[in-house]
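Summary of the model geometry
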Amino acid sequence: MPLPVLGVFDSGLGGLSVLREIRRALPGVPLAYVADQAHVPYGARPLAEVRGFAEGITRYLQAQGAPVVVVACHTASAAALAALRQNPELAGLRVVGMEPAVKPAVEVTRTGVVGVLATPATFQGELYAAVVERFAQGVTVIQQVCPGLVQQIEAGRLDTPDTEAMLRGWVAPLLARGIDALVLGCTHYPFVIPLLQKICGLGVRVIDPAPAVARQAARMWAAVGADRPSAPAAALDYATSGDPTTFAAALPALGLPPGAVRSLRWQGGALIASTIEPPQS
Ligand code: DGL
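This structure is a prediction, so every number in the text was calculated from the model and none was measured. (Residues numbered from 1 in each chain as written. Predicted model: local features only at pLDDT ≥ 70, side-chain atom pairs only at ≥ 80, totals over all residues. Heavy atoms only, no water.)

1. Observations concerning the side chain of Thr187
Inspection of the secondary structure assignment puts Thr187 in the loop between strand E7 (181–185) and helix H9 (193–200). A polar contact is formed between the side chain of Thr187 and the backbone oxygen of Ala72, at a distance of 2.8 Å. Ignoring anything within four residues of it in the chain, the contact list for Thr187 reads Asp10, Gly14, Gly15, Ser17, Val18, Ala72, Cys73, His74 and Met98. (Helix = DSSP H or I, 4+ residues; strand = E, 2+ residues; numbered from the N terminus. Polar contact = N/O pair within 3.5 Å; in protein donor to acceptor, adjacent residues only side chain to side chain. Contact = heavy atoms within 4.5 Å.)

Take a look at the structure:
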């Protein structure tokens, strides 16, 4: 049996905003991260297609020895969280997902108007409808999609004039309608919090759900009894179905340590590890 690792995945780099919080919550726990960059972005794809990707990646992470998998992607959570939890092949696996952070936004708003930035697939999912129905009674929730933003972040354009102009175009109408809380409903978006906060000013609370999800992951990790000590130096296993060199080069700007990056490829709905690139110095 492989040693237990905590598995985390996303369509691309976005889930690293969750991974860095999990590292803080569970120092020393071995982590395995999968970026499905062969298919990024997920956000405009049909939910059924994204569900297939999420199932393939989850099976891969389980085979790597993960008793807990964090779906660090709102789009994949919208598409697949319920299916993953009910899949008999994944029986015994604990699956943590991303839920749009409407509840904390409703708790802090004084204007009674909150904005949510997310992908089209996330807004189509039942999970989003359920949190709005459950937590946002009496509050106006304004949805905004951000086409092209995931690609900007994948390309490392975190603080460029074109990214800022795109964000202004989406956020200015929300500000005009009086939002004082802005929910980041896509795990890529926390990487542009400095720009968003500059555009919104300090009167708007920008809400990143990653710390709360990391706490939930830590509870699950303790619940499966897997919290054995390990060597922190060997604790981070990155993998991508895209280009490992590009992935490795993106890590420092996103606040993650360098490391070896496995190359994965899809074969008939299954993810297969091929090679491992040495860490970049
Ligand atoms: N980071 C993802 C999310 O949370 C995926 C976005 C995408 O691939 O379109 O939704």
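Additional details are given in the paragraphs that follow.
2. So, the site of the ligand
Neighbouring the ligand are 14 residues, the closest being Ser11, Tyr42, Gly43, His74 and Thr75. At a separation of 2.6 Å, an oxygen atom of the ligand approaches a polar side-chain atom of Thr75. Compared with its free state, where it exposes 300 Å², the ligand has 99% of that area covered by protein. When atoms are counted within 2 Å of each cavity's grid points, the one that captures over half of the ligand is the largest cavity. Along the lines of polarity and charge, the residues of the shell around the ligand split into six nonpolar, seven polar and one charged. (Near = heavy atom within 4 Å. Areas by Shrake-Rupley, 256 points an atom, 1.4 Å probe, with all protein chains shown as cover. 1 Å grid on protein atoms, 1.4 Å probe; cavity = no way out; pocket = protein on both sides within 12 Å on 5 of 7 lines; lining within 4 Å. Sits in = over half its atoms within 2 Å of the grid points. Nonpolar A, V, L, I, M, F, W, Y, C, P; charged D, E, K, R; others polar.)

3. Some details on the sheet that holds E7
Spatially, the four strands line up as an open sheet ordered E6-E5-E7-E8, and their pairing is parallel. Looking at strand neighbours, the two that pair on one side only are strand E6 (140–145) and strand E8 (205–207), the edges of this open sheet. The average angle at which neighbouring strand axes cross in this sheet is 20°, direction not considered. Pairing of E7 with E8, which is carried by three bridges, proceeds in the parallel orientation. The residue of E8 that forms the bridge with Val183 is Ile207. Contacting strand E5 (113–118), E7 and E8, H9 runs over the sheet at an angle of about 155° to E7. (Pairing = 2+ DSSP bridges. Axes fitted to C-alpha atoms, helices over the stretch in contact; angles between N-to-C directions.)

4. Looking at helix H3 (residues 74–86)
For H3, spanning 13 residues, the distance from its first C-alpha to its last is 18 Å, which sits close to the expected 18 Å at 1.5 Å a residue. Maximum bend of H3: about 60°, positioned at Ala80. Listed as buried for H3 are His74, Thr75, Ala76, Ser77, Ala78, Ala79, Ala80, Leu81 and Leu84. (Expected span 1.5 Å × (residues − 1). Bend = angle between axes of the 7 residues up to and from the residue. Buried < 20%, exposed > 50% of the residue type's maximum accessible area, 1.4 Å probe, protein only.)

5. What to know about the environment of Thr109
Locating Thr109 in the fold gives a position in the loop between helix H4 (102–108) and E5. Separated by 71 residues in the primary sequence, Thr109 and Asp180 have C-alpha atoms spaced 5.9 Å apart. The contact partners of Thr109, leaving out residues within four places of it in the chain, are Val114, Val139 and Asp180. Within the structure, Thr109 has its side chain in polar contact with the backbone nitrogen of Thr111 (distance 3.4 Å).

6. Re helix H1 (residues 16–25)
Looking only at H1, the buried set comprises Leu16, Ser17, Val18, Leu19, Glu21 and Ile22. In the core, the buried residues of H1 are packed alongside strand E1 (6–10), strand E2 (31–35), strand E3 (68–71), helix H10 (210–223), strand E9 (236–240) and helix H11 (244–250).

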